[in-house]
Amino acid sequence: MTPQMSKIGPIVLLTDFGLRDCYAGSMKGVILGIFPEARLVDLSHEIEPQNVLQAAFVLEAAYPYFPRSSIFVNVVDPGVGSERRILAAKTHSGIFLAPDNGLLSGVLAKTEKYEMRSVTNRRFFAKKISQTFHGRDCFAPASAQLAKNESLFNDLGPVVSDYKKLIRPSPRIERGKMKGEVLFFDHFGNAFTNIETRHLKKNLSTNCQVWVGRRNLGPIRNSYFEGQKGDAMALMSSSDILEIAVNQGSARSVLHLKKGTPIEVYFEK
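Residues numbered from 1 in each chain as written. Predicted model: local features only at pLDDT ≥ 70, side-chain atom pairs only at ≥ 80, totals over all residues. Heavy atoms only, no water.

**Observations regarding the side chain of asparagine 194**
The following threshold applies: Per the convention used, a helix needs a DSSP run of H or I reaching at least four residues, while a strand needs a run of E reaching at least two, with both numbered from the N terminus. Within 3.5 Å is the distance limit for a polar contact, defined as a pair of N or O atoms, with the added protein rule that one can donate a hydrogen and the other accept it, and that residues adjacent in sequence qualify only through two side-chain atoms. Whether two residues touch is decided by their heavy atoms; if any such pair falls within 4.5 Å, the residues are in contact.
Within the element layout of this structure, asparagine 194 appears in strand 9 (residues 191-196). In this structure the side chain of asparagine 194 is engaged in a polar contact, spanning 2.8 Å, whose partner is the backbone oxygen of proline 169. Within the structure, the side chain of asparagine 194 is placed 2.8 Å from the backbone nitrogen of glutamate 181, a separation counted as a polar contact. Among residues more than four places away in sequence, those in contact with asparagine 194 are Pro169, Ser170, Pro171, Gly180, Glu181, Leu183 and His199.

**Notes on helix 1 (residues 23-34)**
Helical geometry: 3.6 residues make up each α-helical turn, so side chains three or four residues apart lie on a common side. What counts here: To estimate the expected span of a helix, subtract one from its residue number and multiply by 1.5 Å. Burial classification: accessible surface area is computed with a 1.4 Å probe over protein chains only, and a residue below 20% of its type maximum counts as buried, one above 50% as exposed, and the rest as partly exposed. Within this analysis, the arc is defined by the directions that extend from the helix axis to the C-beta atoms.
With twelve residues, helix 1 extends 17 Å from end C-alpha to end C-alpha; this agrees with the ideal 16 Å at 1.5 Å per step. Among the residues of helix 1, Ala24, Met27 and Ile31 are the ones counted as buried. Taken down its axis, helix 1 places every buried residue within 65° of arc, on the same side. Against strand 1 (11-15), strand 2 (40-44), strand 3 (71-75) and helix 4 (134-148) lie the buried residues of helix 1.

**Thoughts on the pattern of salt bridges**
Rules: We count a salt bridge whenever a side-chain nitrogen from Lys or Arg sits within 4 Å of a carboxyl oxygen from Asp or Glu.
Summed over the entire model, instances satisfying the criterion amount to 15 salt bridges. The partner of arginine 136 in a salt bridge is aspartate 137, with the nearest N and O atoms 2.7 Å apart. With relative accessibility at 29%, the residue arginine 136 sits in the partly exposed group. Take aspartate 137: its relative accessible area is 4%, and that puts it in the buried class. Within this structure, Glu60, Lys110 and Arg168 form a network of salt bridges that share partners.

**Thoughts on the nonpolar core**
Put simply, the rule is: We call a set of buried Ala, Val, Leu, Ile, Met, Phe, Trp, Tyr and Cys residues a nonpolar core when their side-chain atoms join them within 4.5 Å.
Ranked by internal contacts, the top residues of the largest apolar core, which has 30 residues, are Ile11, Met27, Ile71, Val73, Leu97 and Leu146. Listed by contribution, the elements that provide at least two residues to this core are strand 1, helix 1, strand 3, strand 4 (86-91), strand 5 (94-99) and helix 4. Top element by residues in this core is helix 4. It accounts for seven residues. Each residue touching valine 73, except ones within four places of it in the same chain, is listed here: Ile11, Val12, Leu13, Leu14, Met27, Leu97, Phe139 and Ser143. Ranked by size, the runner-up nonpolar core spans 23 residues in total, among them Ala191, Leu200, Leu242 and Leu255.

Right under this line is the structure:
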């Protein structure tokens, strides 16, 4: 059964375009040109360039807090101009538009019922389509038309059931410790790892010791202010992901972290 939505809510934009250039603004201009009454929300335009994994995490963490009638427009698209598909998924949480590059993996994995279509009907796109800016010429006009009339979803293109699944590196258990790595950073320089609460399960306690290289950050804390200003620490983020942080500072800079930096959690007996 196709999930039914009520009154269309906001159009929520997630991109790696940044705010210095015209890209995000151009998308908004196209949407408002088609549907002036649209309500636009910037989830983020500061995803690291081409970082589909980060975009998937951000979307998965944020979408439950939006009205269930929202349209999520996700444009982190390293394959723009290639043969990759544009997907539209209709769920009880809203409609999600994204390139078929794994960006929707987290959302769809948590969604019991959804209908997904490959967006191929050119009536939903601009008359002239740039091979380098599908956000403006494909995603923006399609989302605006859906916001005006949600029933047009059925006209987007053929129903599909397959989609590219994002392969997230899993942490490993070795001799009383869990080994993970840094995946991405937020605006504050906090590092988010591939270790989640569900991975730690029974081992999550003050007896855990988190190491970054040769530096022991101590037990997993409950908040940033359990340490002094400048202290490096580990804590579970609001999205239940192990986070490396510095109180009122940047863990990325202070600890010289980068994507892939090893993180180890030792379990005391």
